[in-house]
Amino acid sequence: MDPYHLRLLRELGERGSVAAVARALHITPSAVSQQLNVLQRSAPVPLTERSGRRLVLTEAGRAVATAAVEVMTALDRASRAVGDYLDAPDTPVTVAAFHSAGLTWFAPLITRLAGTGGPPVRFADEDVARADFPALVGDYDLVLAHRLAHSPPWPADRLTVIPLIHEPLYVAMSAGHPLAARDRLAAADVSAWPWISVHEGFPLTGLLTAIAAVAGRPLDIRHRINEFTVAASVVAAGEALALLPGHTTTPDPRLVLRPLADLPAGRYIDVLTRPETLHRASVRAVLDALRAIAGQ
């Protein structure tokens, strides 16, 4: 039974006539009658009957009208509960991020939200392939995801995408590496050295393929390491090169970062969420704090 139809039945019992119900609800008497007929088709016994020229409730109709009061009360209580949940500034917010984003922003978020009386945050690191980031919005309120410029866009038909930053990607080498003395490098320069790559399916593999294509030779992939801090430690210890992000890499005097002159390299870091999630005040507060920190 439709709650609206139940309300009409209740109003008829309390107001005494179809005309009075129509005036109260600002609809026509014929619309009231039509909707009551729809309700009647869902009931196995008559809910209304004629008493002279007036339509009145039967005994069964009065029982349903009484139950309708309980239904309306429960729906109002549910509506208020939803409103309170959406407006509550202290409802916990879950945030997932790939490793370097978590390393860069999780701690500052905790500090900033604690200082402003923001909502509690529950963090998780998620090291997934680019194509798997959208599915995470089913498990987390906010998902920090990254993609290269030439990667397919996120599926905006079922996600809300909030751009956070565009981050350059640099060639990383040890401070004592022969290439460290140069300010800028070309693909041909870096293709002659061993490389650290991420695993297949993760964002940076396409850029390494592009470097090999521009240089006209395959790269010597010695190691496959997804976690940038681990890759950085291996770079610092030897002659291998790696691509590391310009903003979220932890400064290390053992490392030197250099841009590629003949191949623009960068990634987009975005926040992915379900559209309805942003209706919550606590989620919007965390998102605002994250955008402020990323923009510093």
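Our structure's up above, just so we're on the same page.
The present account deals with the structure reproduced in this document. (Residues numbered from 1 in each chain as written. Predicted model: local features only at pLDDT ≥ 70, side-chain atom pairs only at ≥ 80, totals over all residues. Heavy atoms only, no water.)

### Notes on the overall build of the chain
Across its full length, the chain carries 9 helices and 11 strands. On C-alpha atoms alone, the chain measures out to a radius of gyration of 31 Å, which is more than a quarter above the 19 Å that the 2.2 N^0.38 rule sets for 296 residues. Each of the 296 residues in the chain was classed as buried or not, and the buried ones make up 45%. Taking the intrachain contacts of the chain between residues at least 6 apart in sequence as the baseline, contacts between residues at least 24 apart amount to 73%. (Helix = DSSP H or I, 4+ residues; strand = E, 2+ residues; numbered from the N terminus. Rg over C-alpha atoms; globule rule 2.2 N^0.38 Å. Buried < 20%, exposed > 50% of the residue type's maximum accessible area, 1.4 Å probe, protein only. Contact = heavy atoms within 4.5 Å.)

### Regarding unusual backbone geometry
Not every positive phi belongs to a glycine, and H26 is a case in point at roughly 60 degrees. By the element assignment, H26 lies in the loop between helix 2 (18-25) and helix 3 (29-41). Assessed through its relative accessible area of 73%, H26 is described here as exposed.

### Remarks on helix 3
Counted at 1.5 Å a residue, the expected span for helix 3 with its 13 residues is 18 Å, and the 19 Å between its end C-alpha atoms agrees. For helix 3, every residue scored as buried is listed here: V32, L36 and L39. Summarising the axial view, the buried residues of helix 3 lie within an arc of 55 degrees, below the 170-degree limit, and thus occupy one face. Looking at the buried positions of helix 3, the neighbouring elements they touch are helix 1 (3-15), helix 2 and strand 2 (54-57). (Expected span 1.5 Å × (residues − 1). Arc of directions from axis to C-beta.)

### A word on the packing of aromatic side chains
The geometry of an aromatic ring pair is captured by the separation of the ring centres together with the interplanar angle, meaning the angle of the planes. Within the structure shown, the criterion is met by 3 aromatic pairs. The interplanar angle of 75 degrees and the centroid separation of 6.3 Å between the aromatic rings of F98 and F133 together place this pair among those described as edge-to-face. Of this pair, F98 sits in the loop between strand 3 (93-97) and helix 5 (99-116) while F133 sits in the loop between strand 4 (121-125) and strand 5 (142-148), and the two are 35 residues apart along the sequence. A ring pair is formed by F106 and F123, whose centres lie 4.1 Å apart and whose planes are at 20 degrees; its orientation type is stacked. Of this pair, F106 sits in helix 5 while F123 sits in strand 4, and the two are 17 residues apart along the sequence. The exposure class of F106 is buried, given its relative accessible area of 15%. Site record: aromatic cluster; members linked through ring pairs are F98, F133 and W154. (Phe/Tyr/Trp six-rings, centres within 6.5 Å; stacked < 30°, edge-to-face > 60°.)

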